[in-house]
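Given next are the chains, with one letter for each unit.
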Amino acid sequence: MKTMFVLLLAAVVCSSPLHAAAPRLDDFAYGLPLPLVDGNGAYSLNIPRVVYEKATRDDLGDLRVFNGAGETVPHAIRRATREGENKQLRQTVPFFPLPGKQQPNATDLSLRVSRNRDGAVVTVDAGSEATANSAQSSWYLLDTTRLETKPTALELQWNGSNTAVFTVSLAQSSDLSHWAPLMGQTTLADLNYNGSTIAARRIDLPGKTLPYIRLDCIDCREPLLLREVTAISGTSATPELWQWLRLNPETTKEGKEELVFEYRLEASLTVSALQLRFAKTNSLVRAVIESRPTVEAAWYTRAQGNFYTLNLQGKALVNELAVCAPTSDRHWRLRIVSDGAGLGGSKQAPQLELGWQEEQLVFVGRGSGPYTLAFGSTKLAETAALQDTPVLAAMQDTKSKALLQRIEPGPLHTLGGEKALQSQLSAASWKKILLWFVLITGVALLALMARTIYREMQVKNP
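This one's a predicted model, so the numbers in the text were calculated from it and none came from an experiment.

Enquirer: Summarise the overall build of the chain; cite the residues concerned and give the values.
Expert: When its secondary structure is counted, the chain shows five helices and 30 strands. Counting only residues that meet the buried cut, the chain has 40% of its 462 residues in that class. Long-range contacts, defined here as pairs at least 24 residues apart, represent 81% of the contacts in the chain between residues at least 6 apart. Approximately 25600 Å² of the chain is accessible, and the part contributed by carbon and sulfur atoms is 53%.

Right, here's the structure in full:
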């Protein structure tokens, strides 16, 4: 009978899941007040950085929105988008070399230019002598009349040596007769040395431009032989697309062939861009950036190549951003394979800059306020993250995304405090403990029954 009771109890424990109680405000360490005018609307806000720093889960699964009655309301998390993002357009720009060994006058261009009905340049003629010199020209006419959208940047490719540095300026015109300055001095560069490469081929344009652009070489010790000009419209991978967090190294290890710096990320951020910030200008290193989720895991390469900050002819040149697959790893490592004294004699450690893109919290008001965004809870450590698909799908079906009201959260305040961050057993863990207790108790009872039966048999059969 006792054995049957134990087995029955074990079966009940295995088949009846323990349901965790609904979360309360004091189950969370921190909160942000949410100013709502109407508890029946739909709202959105950019998630503040403090939420990532205080959350206990990388997926923000310990985040909830409470109404004034202490009830949770439906919410979803989505990546915030910026105007023009993911709409970059690259178009080839026709260009024509302008003859002459001297810089053209900024207000006069004495050339015979043939255009079609749409205003597009067909030919540029400046006479036989000037045409003969055009092959070595360092001044060009760029025609943007056929572009679908106004360019926000120009990307140039040219032929020449591996140590080319040019200082150029831009002028613009609507009729090829009257020219106005578009941009002052800017530096183009293409340097290759000892396996390292430095390239500055992009010119960001200030606002909208007129149809015709003239590129004038101010200080060109050798001809600027353009091979291709590309107009870029929309938003490219610029630092403004990310929020940035700088990390200082915790440890430094110097070996025979490499210098290693290790960093630790103390926030639940999803990193997708990387950059190095050097202590001194004119620093250049060839490096590998790696990460891993825990100290026991293997390192995974996130980016590698040349990283530099240079000052050439008064212009700061910085390597392009290293974009990586999104990761929430907490441990980071920088391995400098070769610096060529790029860090200087002191080998001062560079800061590791981690770029993360803003996420947006969307929730539906239900009931009266005040509303609170709560986060930081070990009680929800093992629970499944809320599915945001139903909330976003409902907004898509009802075409209510345009009706979202943007709000700004208030200052951080304490809810459950440190108590909510203390390790505690979840419902699933308690279930496992109870199951093991029942099983061990059952084995002990079986052993006790076997011992009792053995003694009774010894008495009957001395």
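Enquirer: Residues and numbers for the sheet that holds strand E26 (residues 351-356), please.
Expert: Strand order in the open sheet made by the four strands is E17-E26-E20-E24, with antiparallel pairing throughout. In this open sheet, the two strands that pair with only one neighbour each are strand E17 (243-247) and strand E24 (322-327). Here the average twist between neighbouring strands, direction ignored, is 30 degrees. The pairing of strand E20 (residues 271-277) with E24 spans three bridges and is classified as antiparallel. From the neighbouring strand, Leu274 faces E24, where its bridge partner is Ala322.

Enquirer: I'd love a proper account of unusual backbone geometry, names of residues and values included.
Expert: The step from Gly369 to Pro370 runs through a cis peptide bond, and the omega angle for that step is 5 degrees. Checked against the element boundaries, Pro370 lands in the loop between strand E27 (359-364) and strand E28 (371-375). Of note, Leu176 is a non-glycine position whose phi angle comes to about 70 degrees, a positive value. Inspection of the secondary structure assignment puts Leu176 in the loop between strand E11 (163-173) and strand E12 (180-193). Using a relative accessible area of 9% as the deciding quantity, one classes Leu176 as buried. A positive phi angle, close to 60 degrees, is found at Asn282, a residue other than glycine.

Enquirer: So, the pattern of salt bridges: which residues are in play, and what are the values?
Expert: Applying the stated rule across the entire model yields 17 salt bridges. Arg201 is the partner of Asp190 in a salt bridge, and the nearest nitrogen-oxygen pair spans 2.3 Å. Of this pair, Asp190 sits in strand E12 while Arg201 sits in the loop between strand E13 (196-200) and strand E14 (202-204), and the two are eleven residues apart along the sequence. With respect to burial, Asp190 and Arg201 carry one shared label: buried. Here Arg202 ties to Asp204 by a salt bridge, and the two come within 2.7 Å at their closest N and O atoms. When salt bridges with common partners are traced through the structure, they connect Glu258, Glu290, Arg333 and Arg335 into a single cluster.

Enquirer: An account of the packing of aromatic side chains is needed here, citing residue identities and associated values.
Expert: Two aromatic rings are characterised by how far apart their centres lie and by the angle between their planes. Per the stated rule, a full pass over the model turns up eight aromatic pairs. When the centroid spacing of 5.6 Å and the interplanar angle of 75 degrees are considered together, the rings of Phe28 and Phe66 count as edge-to-face. Linking Phe28 in the loop between helix H1 (2-15) and strand E1 (30-34) with Phe66 in strand E3 (residues 63-66), this pair joins segments that are 38 residues apart in sequence. By relative accessible area, Phe28 is classed as buried at 0%. For Phe66, a relative accessible area of 0% translates into the label buried. Considering the side-chain rings of Tyr43 and Phe363, the 5.5 Å spacing of their centres and the 25 degrees angle between planes classify their relative orientation as stacked. Taken as a pair, Tyr43 in strand E2 (residues 42-46) and Phe363 in strand E27 lie far apart in primary sequence, 320 residues in all. Residue classification places Tyr43 among the buried positions, given a relative accessible area of 1%.

Enquirer: I'd love a proper account of the nonpolar core, names of residues and values included.
Expert: Grouped together as the largest cluster of nonpolar side chains are 47 residues, with contacts concentrated most on Leu265, Leu274, Trp332, Leu361, Phe363 and Leu373. Membership of the second largest hydrophobic core comes to 30 residues, among which are Leu156, Ala164, Trp179 and Leu215.

Enquirer: Break down the environment of Val364 for me, with residues and values.
Expert: Along the polypeptide, Val364 turns up in strand E27. For Val364, a relative accessible area of 30% gives the class partly exposed. Measuring from C-alpha to C-alpha, the distance between Val364 and Pro74 comes to 5.8 Å, with 290 residues separating the pair along the chain.

Thresholds, definitions, all that
- Residues numbered from 1 in each chain as written.
- Predicted model: local features only at pLDDT ≥ 70, side-chain atom pairs only at ≥ 80, totals over all residues.
- Heavy atoms only, no water.
- Helix = DSSP H or I, 4+ residues; strand = E, 2+ residues; numbered from the N terminus.
- Buried < 20%, exposed > 50% of the residue type's maximum accessible area, 1.4 Å probe, protein only.
- Contact = heavy atoms within 4.5 Å.
- Areas by Shrake-Rupley, 256 points an atom, 1.4 Å probe, with all protein chains shown as cover.
- Pairing = 2+ DSSP bridges.
- Axes fitted to C-alpha atoms, helices over the stretch in contact; angles between N-to-C directions.
- Salt bridge = Lys/Arg side-chain N within 4 Å of Asp/Glu carboxyl O.
- Phe/Tyr/Trp six-rings, centres within 6.5 Å; stacked < 30°, edge-to-face > 60°.
- Core = buried A, V, L, I, M, F, W, Y, C linked by side-chain atoms within 4.5 Å.

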